[in-house]
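A look at the structure
Letter by letter, the chains look like this.
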2 protein chains.
Amino acid sequence: MTEGVVERSRPRDRILETARDMFHKHGIKGVGVDAITEAAGTNKMTLYRHFESKDELIVECLRANALKAGAMWDAFEAEFPGDKLAQLHAWIRKAAAMLNADGRGCDMANAAAELTEPDHPARLVIKELKEAQRGRLVTLCRDAGIGQAELLADTLSLLFEGARVSVQTMGTEGPSAQFVRMAEGLIASFRGTSAG
Amino acid sequence: MTEGVVERSRPRDRILETARDMFHKHGIKGVGVDAITEAAGTNKMTLYRHFESKDELIVECLRANALKAGAMWDAFEAEFPGDKLAQLHAWIRKAAAMLNADGRGCDMANAAAELTEPDHPARLVIKELKEAQRGRLVTLCRDAGIGQAELLADTLSLLFEGARVSVQTMGTEGPSAQFVRMAEGLIASFRGTSAG
DNA sequence: TCTGGAAGTTACAGACCGGTAACACCCTAG
DNA sequence: CTAGGGTGTTACCGGTCTGTAACTTCCAGA
């Protein structure tokens, strides 16, 4: 039994948590609602009493992911209050840790790859949440006193995004193994260029 | 009719070409073999006479993609014979063009996101083909006389990979819009650092 | 103790999936 | 002209998918 999520919590929470985990591991189209409810220790009817469709469940899972990511940013601020540069380096370390954590990429990126219908409800929230993440990184770079904060933030974010898909295709020993070195080099380069 | 691929060629070629197009647009699990054969102007039995399973068709599509990508590299060499630096810049321009071409990312990365079974036959060829691509970029950087050619090649490749997933989630106006600037900056930075 | 709502159970509908069998056709090489 | 291989057609198999209906069970709160 690979359970554990089941424990004793409200069925809705168990379904959400189980779905997040299974979508992450097997992809969205690779998991049916029956499998989710069974793994969550409940049944299909209960799922459909709490979520009006699988699509809505997907959207809620993505939002839950974003909430967890947001907590990560808050943790950086708590660990290095006021020291934006230290927080930026903490982000890099955390990102590298996520690369080695498992061979699956970003859930939102994976979802976007799977859900191709241009008007799928998940596409809207993915864009919204990704833009929020980008905003946080830009703010962090700017507050760290780095010139061209937007460009650095966008470069770092593309680098990380690329590293996450690279582990999916080439494993952790591929180009993504150099992620920390690349990111640190970029920051050093941007700090040397202007402002300080 | 969005046909055109149908024309008059052997059924096998039509199936392969149609499948490549549909997998790219709608994802692998988003397309059934019935839909492929119908769009290719043939039928399911003919598909299964040429491919022993959908999985094998997927693998053949990925190989066909890699062949086309290989031709692209050859075109650079033909356009700027011997001038490796010019070829590197040509790659950047081509990459940027691909970003704006359509909102779908790299077929191999998308396939890896969808086909999560660790022993899926496609995962092997994806890794193999991605490593070949990486090898070409490393060679190009090295032959262009750039110090730390591997690191530059890996950085550029992660950046591009990230840009491709970014257009899928945030569109062409997101961070990927700065791809050329980032890539050119990286090359300049690596050329200035050492060797020349 | 009674009651009402949340949750579980079973069965089902309707669609789609990958894959196969059996057979009719057509076109080309000999 | 004929034989045979590639192709098309139809029907089907067993399985899975999302989503629903009808009914029962359980449990907390009044």
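Given the structure is predicted, the values throughout are model-derived calculations rather than measurements.

**Describing the domain arrangement of chain A**
Residues and elements named next belong to chain A.
- Assigned domains within chain A: domain 1 (1-51) and domain 2 (55-193).
- Here the C-alpha centre of domain 2 lies 26 Å away from the C-alpha centre of domain 1.
- Between domain 1 and domain 2, the contact holds 16 residues from the first and 16 residues from the second.
- The junction of domain 1 with domain 2 conceals about 1,300 Å² of combined surface from both sides, 62% of it contributed by carbon and sulfur atoms.
- Summed over the three residues of domain 1 that lose the most area to domain 2, namely Arg20, His24 and Ile28, the buried surface amounts to 50% of that side.
- Summed over the shared surface of domain 1 and domain 2, the result is zero salt bridges.
- Elements supplying a minimum of two residues to the side of domain 1 that touches domain 2: α1 (11-26) and α3 (44-50).

**Description of the packing of helix α4 (residues 54-79) of chain B against helix α5 (residues 84-101) of chain B**
Residues and elements named next belong to chain B.
- Contact geometry for α4 and α5: axes closest at 9 Å, N-to-C directions at 135°. Classified by the angle their axes make, α4 and α5 are oblique. Pair α4 / α5 crosses with right-handed handedness. Where α4 abuts α5, its residues Met72, Trp73, Phe76 and Glu77 lie against Lys84, Gln87, Ala90, Trp91 and Lys94.
- Tallied by class, the residues present in the contact of α4 with α5 amount to five nonpolar, one polar and three charged.

**Points about α4(B)**
- Taking 1.5 Å per residue, 26 residues should reach 38 Å; α4(B) reaches 38 Å between its end C-alpha atoms and fits that length.
- Packing partners of the buried residues in α4(B) comprise α1 (11-26), α2 (33-39), α3 (44-50), α5, α6 (107-114) and α7 (121-143) of chain B.

**Remarks on the packing of aromatic side chains**
Residue and element names in this part refer to chain A.
- All told, the structure shown has six aromatic pairs over all chains when counted by the stated rule.
- Taking 6.2 Å as the distance between ring centres and 75° as the angle between the ring planes, the aromatic pair formed by Trp73 and Phe76 counts as edge-to-face. Here Phe76 and Trp73 lie together in helix α4 (residues 54-79), a separation of three residues that amounts to about one turn. Here Trp73 and Phe76 have matching classes, each one buried.
- With 5.7 Å between their ring centres and 45° between their planes, Phe160 and Phe179 make a pair best called tilted. Of this pair, Phe160 sits in helix α8 (residues 149-170) while Phe179 sits in helix α9 (residues 179-193), and the two are 19 residues apart along the sequence.
- What makes Phe160 buried here is its relative accessible area of 13%.
- Taking relative accessible area as the criterion, Phe179 reaches 1% and is therefore assigned buried.

**Examining the protein's contact with DNA strand C**
- For DNA strand C, the set of nearby residues contains 16 residues, the closest of which are A:Thr42, A:Arg49, B:Lys44, B:Tyr48 and B:Lys54.
- What you see for DNA strand C is that sugar and phosphate hold 49% of its atoms within 4 Å of the protein.
- Measuring from a phosphate oxygen of DNA strand C, one finds a side-chain N or O atom of A:His50 at 2.9 Å.
- Here B:Lys44 contributes a side-chain N or O atom positioned 2.4 Å from a base oxygen of DNA strand C.
- Of the residues forming the surface near DNA strand C, the biggest block, four residues, is contributed by α3(A).

**Quick look at the packing of helix α6 (residues 107-114) of chain A against helix α8 (residues 149-170) of chain B**
- Running from N to C, α6(A) and α8(B) point in directions that differ by 75°, and their axes come no closer than 9 Å. By the angle class used here, α6(A) and α8(B) are roughly perpendicular. In contact with A:Met108, A:Ala109, A:Ala112 and A:Ala113 of α6(A), α8(B) contributes B:Val165, B:Gln168 and B:Thr169.
- Considering only residue class, the contact of α6(A) with α8(B) consists of five nonpolar, two polar and no charged.

**Some remarks on the interface of chain B and chain A**
- Taken residue by residue, the interface counts 40 residues in chain B and 40 residues in chain A.
- Summed over both partners, the interface of chain B with chain A comes to about 3,200 Å²; 69% of that surface belongs to carbon and sulfur atoms.
- Broken down residue by residue, the surface that chain B buries against chain A is led by B:Leu158, B:Thr169 and B:Met170, which jointly contribute 20%.
- Counting the contacts that link chain B with chain A gives zero salt bridges.
- At the junction of chain B with chain A, the criterion picks out six residue pairs in polar contact (both at pLDDT 80 or more).
- Where the side of chain B that touches chain A is concerned, the elements lending two or more residues are α1, α6, α7, α8 and α9 (179-193) of chain B.
- Ranked by residue count, the leading element in the side of chain B that touches chain A is α8(B), at 14 residues.
- A breakdown of the residues in the side of chain B that touches chain A according to their chemical character gives 14 nonpolar, 14 polar and 12 charged.

**Observations concerning empty space enclosed by the protein**
Residue and element names in this part refer to chain B.
- Taken as a whole and assessed by the stated rule, the structure comprises four cavities of 30 Å³ or more.
- In this structure, the largest cavity occupies an estimated 130 Å³ of space.
- Phe23, His24, Ile28, Leu62 and Asp107 are, among the 14 residues lining the largest cavity, the residues nearest its centre.
- Going through the elements one at a time, α1, α4 and α6 are the ones with two or more residues in the lining of the largest cavity.
- If you count residues domain by domain, the lining of the largest cavity takes at least three from each of domain 1 (1-51) and domain 2 (63-193).

Definitions and cut-offs
- Residues numbered from 1 in each chain as written.
- Chains lettered and ligands numbered in written order.
- Predicted model: local features only at pLDDT ≥ 70, side-chain atom pairs only at ≥ 80, totals over all residues.
- Heavy atoms only, no water.
- Domains from an automatic or database assignment.
- Contact = heavy atoms within 4.5 Å.
- Buried area = accessible area lost by both parts, 1.4 Å probe.
- Salt bridge = Lys/Arg side-chain N within 4 Å of Asp/Glu carboxyl O.
- Helix = DSSP H or I, 4+ residues; strand = E, 2+ residues; numbered from the N terminus.
- Axes fitted to C-alpha atoms, helices over the stretch in contact; angles between N-to-C directions.
- Parallel < 35°, antiparallel > 145°, perpendicular 65-115°, else oblique.
- Left-handed = near helix turned anticlockwise from the far one by under 90°.
- Nonpolar A, V, L, I, M, F, W, Y, C, P; charged D, E, K, R; others polar.
- Expected span 1.5 Å × (residues − 1).
- Phe/Tyr/Trp six-rings, centres within 6.5 Å; stacked < 30°, edge-to-face > 60°.
- Buried < 20%, exposed > 50% of the residue type's maximum accessible area, 1.4 Å probe, protein only.
- Near = heavy atom within 4 Å.
- Polar contact = N/O pair within 3.5 Å; in protein donor to acceptor, adjacent residues only side chain to side chain.
- 1 Å grid on protein atoms, 1.4 Å probe; cavity = no way out; pocket = protein on both sides within 12 Å on 5 of 7 lines; lining within 4 Å.
- Points joined across faces, edges and corners; volume = space filled by probe spheres on them.

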